[in-house]
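Summary of structural features
As a plain string of letters, each chain reads:
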Amino acid sequence: MAVRRPQPLMAFISGHYSGKALRWHTLLMLGVFGGLVTAALYLFDGYTFFDYSMSSLGAWHKNPAGWWLFSVAMWAMGVLVVPFFMHVARVFDRYTPRMARLFRACALATAASMVLLGFFPESPGTDVIHYAAAGFIFGGFLAVAFISWAAFTRMAKVASDRRRKVVITLSLVIMVPVFMVVILGMGSAYLVSRSAFLSSIYFWEWYYLVVCIGLYFLLTEVVVSREPAL
């Protein structure tokens, strides 16, 4: 009995594509999100990374000219990140099925929260839902990071190629400390509650975004895209 192959669109959404396609998809995500956020920044008069949150870019009462660009960026990222996460989950499923299922659930919840955040800006009347969605995004990326590290550990243990073991182990050595610095920095900023440089929660918010981007670049290029085609 022949196995029915999924339609191209559904295959893409569910992560059935090559490592090379994954790299291009990652660049597409970053290009769309980065371009829209940069445009929103450009239209925000007087924006500084230490005085305004990232969400301020999408607040209509703070950024009347460009708030909608931030919303579109969140909607686009919430949709585009799903095939990426599904591909990563399929790779993890080869090594640790339980972790892969948990990864998939956290990733989808994170993606849905991005879309929700785009509909509810940090503005009067919608800010409560906005902060709740932002909390789910923050927690979701954190959970996805920890699950990725656990899956990486398993992949390193079973890798037959010594070079492969070293590469995955080095990826963990880089990612874990950098991510922990961000978490400690954000926690310290909340406790200090000042707006100067490293005490600014807004600085750490942007730094968290940069670290997440770096983590997924590493996830894509060093580990996942090197796996055999799915």
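Residues numbered from 1 in each chain as written. Predicted model: local features only at pLDDT ≥ 70, side-chain atom pairs only at ≥ 80, totals over all residues. Heavy atoms only, no water.

Things to note about the overall build of the chain
- Helices and strands together make up the secondary structure of the chain, namely 7 helices and 0 strands.
- Out of the 230 residues belonging to the chain, those deemed buried represent 45%.
- If you take every contact in the chain between residues at least 6 apart in sequence, the share linking residues at least 24 apart comes to 69%. (Helix = DSSP H or I, 4+ residues; strand = E, 2+ residues; numbered from the N terminus. Buried < 20%, exposed > 50% of the residue type's maximum accessible area, 1.4 Å probe, protein only. Contact = heavy atoms within 4.5 Å.)

Section: the nonpolar core
- In this structure, Phe 85, Phe 92, Phe 103, Phe 179 and Tyr 216 are the most contacted members of the largest nonpolar core, which totals 60 residues.
- Listed by contribution, the elements that provide at least two residues to this core are α2 (19-43), α3 (67-93), α4 (97-119), α5 (127-158), α6 (162-192) and α7 (201-223).
- Broken down by element, the residue count for this core peaks at 15 residues, all from α3.
- Those residues in contact with Tyr 216 that sit more than four places away from it in its chain are Phe 84, Phe 85, Phe 141 and Val 144. (Core = buried A, V, L, I, M, F, W, Y, C linked by side-chain atoms within 4.5 Å.)

A look at the layout of surface pockets
- Approximately 770 Å³ is the volume found for the largest pocket.
- Put simply, the parts of the chain that give the lining of the largest pocket at least two residues each are α2, α3, α4, α5, α6 and α7.
- Here the lining of the largest pocket takes 9 residues from α7, the largest share from any one element. (1 Å grid on protein atoms, 1.4 Å probe; cavity = no way out; pocket = protein on both sides within 12 Å on 5 of 7 lines; lining within 4 Å. Points joined across faces, edges and corners; volume = space filled by probe spheres on them.)

Topic: the packing of α3 against α5
- Where α3 contacts α5, the axes come no closer than 12 Å and their chain directions differ by 20°. Compared by their axis directions, α3 and α5 come out roughly parallel. Regarding α3 and α5, the two cross each other, and that crossing is left-handed. Judged by residue contacts, Met 74, Phe 85, Val 91 and Phe 92 of α3 engage Ile 137, Phe 141, Val 144, Ser 148, Ala 151, Phe 152 and Met 155 from α5.
- Of the residues in the contact of α3 with α5, the class split is 10 nonpolar, 1 polar and no charged. (Axes fitted to C-alpha atoms, helices over the stretch in contact; angles between N-to-C directions. Parallel < 35°, antiparallel > 145°, perpendicular 65-115°, else oblique. Left-handed = near helix turned anticlockwise from the far one by under 90°. Nonpolar A, V, L, I, M, F, W, Y, C, P; charged D, E, K, R; others polar.)

A look at the packing of α3 against α4
- The N-to-C vectors of α3 and α4 enclose an angle of 175°; their axes lie 8 Å apart at closest approach. When the axis of α3 is compared with that of α4, the two are roughly antiparallel.
- Residues that form the contact of α3 with α4 fall into these classes: 21 nonpolar, 3 polar and 3 charged.

Section: the packing of aromatic side chains
- With the rule as written, the count across this model stands at 13 aromatic pairs.
- Look at Tyr 47 and Tyr 52: their rings are 5.6 Å apart centre to centre, the planes differ by 25°, and that puts the pair in the stacked class.
- We classify Tyr 47 as buried; its relative accessible area is 14%.
- Seen from their ring centres, Tyr 47 and Trp 206 are 6.4 Å apart, and the 80° between their planes marks the pair as edge-to-face. (Phe/Tyr/Trp six-rings, centres within 6.5 Å; stacked < 30°, edge-to-face > 60°.)

Description of α2
- Between the first and last C-alpha of α2 there are 36 Å, a value that for 25 residues agrees with the 36 Å anticipated at 1.5 Å per step.
- Turning to α2, its buried residues are Gly 19, Leu 22, His 25, Thr 26, Met 29, Phe 33, Leu 36, Val 37 and Ala 40. (Expected span 1.5 Å × (residues − 1).)

With respect to empty space enclosed by the protein
- What the rule picks out here adds up to 1 cavity of 30 Å³ or more.
- Estimates place the volume of the largest cavity at around 40 Å³.
- Mapped onto the lining of the largest cavity, the elements with two or more residues apiece are α3 and α4.
- Looking at the lining of the largest cavity residue by residue, the classes come out as 3 nonpolar, 5 polar and 1 charged.

What about the environment of Leu 209?
- Mapped onto the elements of the fold, Leu 209 is located in helix α7.
- Between the alpha carbons of Leu 209 and Met 54 there is a distance of 9.5 Å; along the sequence they are 155 residues apart.
- With residues near it in sequence (within four places) discarded, Leu 209 still touches Phe 33 and Met 54.

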